[in-house]
There are 2 protein chains.
Amino acid sequence: MAKKIITISREYGSGGRQIGKLVAEKLGIPYYDRDIVRQVAEESGFSKEFIEKSGEDAPTTSSLLFNIANAAFNQSLIIGTDPLSPTDRVFIAQSNVITKLAEQGPCVIVGRCADYILRDREDCLNVLIHADEDFREKRIVTRYGEDTANVKGTLKQRDERRKVHYKHYTGLTWGLAKNYHVTLDSGLLGVEICADLIVTCVNTANL
Amino acid sequence: MAKKIITISREYGSGGRQIGKLVAEKLGIPYYDRDIVRQVAEESGFSKEFIEKSGEDAPTTSSLLFNIANAAFNQSLIIGTDPLSPTDRVFIAQSNVITKLAEQGPCVIVGRCADYILRDREDCLNVLIHADEDFREKRIVTRYGEDTANVKGTLKQRDERRKVHYKHYTGLTWGLAKNYHVTLDSGLLGVEICADLIVTCVNTANL
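Calculation notes
- Residues numbered from 1 in each chain as written.
- Chains lettered and ligands numbered in written order.
- Predicted model: local features only at pLDDT ≥ 70, side-chain atom pairs only at ≥ 80, totals over all residues.
- Heavy atoms only, no water.
- Helix = DSSP H or I, 4+ residues; strand = E, 2+ residues; numbered from the N terminus.
- Buried < 20%, exposed > 50% of the residue type's maximum accessible area, 1.4 Å probe, protein only.
- Contact = heavy atoms within 4.5 Å.
- Areas by Shrake-Rupley, 256 points an atom, 1.4 Å probe, with all protein chains shown as cover.
- Pairing = 2+ DSSP bridges.
- Arc of directions from axis to C-beta.
- Buried area = accessible area lost by both parts, 1.4 Å probe.
- Salt bridge = Lys/Arg side-chain N within 4 Å of Asp/Glu carboxyl O.
- Polar contact = N/O pair within 3.5 Å; in protein donor to acceptor, adjacent residues only side chain to side chain.
- Least-squares fit on C-alpha atoms with pLDDT ≥ 70 in both.
- Core = buried A, V, L, I, M, F, W, Y, C linked by side-chain atoms within 4.5 Å.
- Phe/Tyr/Trp six-rings, centres within 6.5 Å; stacked < 30°, edge-to-face > 60°.
- Lys NZ or Arg CZ within 6 Å of the ring centre and 35° of its normal.

Peer 1: In this structure, what is going on with the overall build of chain A? I would like to understand it.
Peer 2: Looking only at helices and strands, one finds 10 helices and five strands in chain A. The proportion of buried residues among the 207 residues of chain A is 54%. Once local pairs closer than 6 in sequence are excluded, the contacts in chain A between residues at least 24 apart make up 72%. Accessible area of chain A: about 9,600 Å², with a carbon and sulfur share of 51%.

In structure tokens:
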């Protein structure tokens, strides 16, 4: 079965987004990332900021956006109108958007449990990009402007939140090789080579 | 740091051994697998059959070889001569043999926790080969002559035993992508392409 949809899961700071863009360019197919956030916002009514924060990472209890959405949710429980939490609603809207995008044709989808959401399709190549902490720390300092004093804590918290979110919505363990067709260490290989290797895998699977 | 030692961990029936041989041929470097068993037998005094069975999979309690070795071990406990179990002794001998082989120069080492044993070296490329159950079941029936009636049970037991052995001797979770630089689904990609992708990774890391 040809692999038309490439899902790229990634550790925070591993360069997965950049690799996804490169793969889409090399294959001449659309790349979806921020577009998903925009469409989920339209479908769910939540803000883009809230979706960005809760679409693939478990919320921190100190998150203001989470607390506002959650307060509204708790209020709805009292008046008995909504059995779903705000993050459940984001996940459902996200699942609908990703399912529709995949139906439109070949594409690259980065993050947001797309590997799990599209698990019943046989035309997905599922990829995970990861790297060691040193590589990711340097990357989030230089590219995202993270404060060097906080970088270790930020990374640890983001890794933990992604693991918890993935487990909660998929029932699977985050980062197990068997959930992917290919996993690559971008810290060792670099983003360009990772993209080339993924394209080779797509072309091979499509033989 | 150039990657001179390629360790290939693999799920039972995934073709990791065949891929390891191909990688060694393509790179023109030695391939170690059965040789390790022979050298561990020389170093430890255990039979090749016992080492084959306990070198990377946890023993089954119904294993005759395990029971014979264990009876000797229990006897030694009574007379107070040996605080290590037979499988501990195999693991120690195996660690010594693998460490020495890696010191001799570039090579491919298949299985036997080599990724963990050589964790302090910076010149290892650690690879995991896996595949879905259908692919592996067909492979162990056609290549190893496994009875089709037993194949599902055999596979399940081998997967479980490998997971338990790896956890016991490394403290790590078997199959986590972050423990490897590359993981590949040989069922999707085929053994030849897996070997080519690994060679590309070695050449890239050595740039």
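Once the structure has been displayed, the description carries forward.
Peer 1: Can you help me understand the sheet that holds strand S2 (residues 31-32) of chain B in this one?
Peer 2: The strands making up a sheet are joined through hydrogen bonds of the backbone, oriented either antiparallel or parallel. Pairing is mixed across the open sheet formed by 10 strands, whose spatial order is S2(A)-S3(A)-S1(A)-S4(A)-S5(A)-S5(B)-S4(B)-S1(B)-S3(B)-S2(B). Pairing within the sheet leaves two strands with one partner each, and these edge strands are strand S2 (31-32) of chain A together with S2 of chain B. Alignment of strand S4 (residues 124-130) of chain A against strand S5 (residues 182-185) of chain A, held across four bridges, turns out to be parallel. Residue pairing in the sheet places Leu128 of chain A in a bridge with Thr183 of chain A of S5 of chain A.

Peer 1: Can you walk me through helix H7 (residues 133-142) of chain A in this structure?
Peer 2: Because the α-helix completes a turn every 3.6 residues, residues three or four places apart line up on one side. All names here are of chain A. All of the buried residues in H7 are Arg136, Glu137, Arg139 and Ile140. The buried side chains of H7 occupy one side of the element, clustering within an arc of 165 degrees when seen end-on. Facing away from the buried side of H7, by more than 90 degrees, are the exposed residues Lys138 and Thr142.

Peer 1: Please clarify how the interface of chain B and chain A should be interpreted in this entry.
Peer 2: You'll often see interface size given as the accessible area lost when the parts meet. Taken together, the contact between chain B and chain A spans 23 residues of the former and 23 residues of the latter. For the pair chain B and chain A, the summed buried surface comes to about 1,800 Å²; carbon and sulfur atoms form 72% of the total. Of all residues in chain B, Ala177, His181 and Leu188 of chain B bury the most surface against chain A, accounting for 26% of the area lost on that side. Counting across the interface, chain B meets chain A through zero salt bridges. Along the contact surface separating chain B from chain A lie nine residue pairs in polar contact (both at pLDDT 80 or more). Only strand S4 (124-130), strand S5 (182-185), helix H9 (186-189) and helix H10 (191-205) of chain B provide two or more residues apiece to the side of chain B that touches chain A.

Peer 1: Would you explain the relation of the copies chain B and chain A in this entry?
Peer 2: Both copies of the chain are related by a screw-like operation: a rotation about an axis and a shift along it. The transform that puts chain B on chain A rotates by 180 degrees and translates by 0.0 Å along the axis, for an RMSD of 0.0 Å. This pairing of chains is accounted for by a two-fold axis. Comparing interface residues between copies, 100% of those in chain B also sit at the interface in chain A, which points to an isologous, same-surface contact.

Peer 1: I'm lost on the pattern of salt bridges in this one. Help?
Peer 2: Any two side chains of opposite charge can pair, so long as their charged atoms come close to each other. All names here are of chain A. Evaluation of the coordinates by the stated rule reveals 28 salt bridges over all chains. Notably, a salt bridge pairs Lys4 with Asp123, separated by 3.9 Å at the nearest N-O pair. With Lys4 in the segment before strand S1 (5-10) and Asp123 in the loop between helix H6 (114-117) and S4, this pair connects stretches of sequence that are 119 residues apart. A relative accessible area of 38% places Lys4 in the partly exposed class. In this structure, the salt-bridge partner of Glu52 is Arg34, at a minimum N-O distance of 2.6 Å.

Peer 1: Got a minute to help me understand the nonpolar core in this structure?
Peer 2: Note that soluble globular proteins tend to have their nonpolar side chains buried in a common cluster. Ile198 of chain A together with Ile198 of chain B are the most contacted members of the largest nonpolar core, which totals 46 residues. If we skip the residues at most four places from it in the chain, Ile198 of chain A touches Ile6, Ile8, Ile19, Val23, Leu125, Val127, Ile129 and Leu184 of chain A.

Peer 1: How do you make sense of unusual backbone geometry when you look at a structure like this?
Peer 2: The general pattern is negative phi for most residues beyond glycine and trans for most peptide bonds. Residue and element names in this part refer to chain A. The phi angle at Cys113 is positive, at roughly 55 degrees, despite the residue not being glycine. Checked against the element boundaries, Cys113 lands in the loop between strand S3 (107-110) and H6. Assessed through its relative accessible area of 6%, Cys113 is described here as buried.

Peer 1: Help me out: how do you make sense of the packing of aromatic side chains in this one?
Peer 2: The geometry of an aromatic ring pair comes down to the distance between the two centres and the angle between the two planes. Taken as a whole and judged by the stated rule, the model has eight aromatic pairs over all chains. Consider the rings of Phe46 of chain A and Phe50 of chain A, whose centres lie 5.1 Å apart with planes at 40 degrees: the pair is tilted. On the basis of relative accessibility, which here comes to 3%, the residue Phe50 of chain A falls in the buried class. Taken together, a centroid distance of 4.4 Å and an interplanar angle of 15 degrees make the contact between Phe91 of chain B and Tyr169 of chain B stacked. In this pair, Phe91 of chain B sits in helix H5 (residues 86-103) while Tyr169 of chain B sits in helix H8 (residues 151-170), placing the two residues 78 residues apart along the sequence. With respect to class, Phe91 of chain B is no different from Tyr169 of chain B; both count as buried. Its end group placed over the ring of Tyr116 of chain A, Arg119 of chain A keeps NZ or CZ at 3.9 Å from the ring centre. The residue whose ring lies beneath Arg158 of chain A is Tyr12 of chain A, and the NZ or CZ to ring-centre distance is 3.9 Å.

Just geometry here; none of it tells us what the structure is for.
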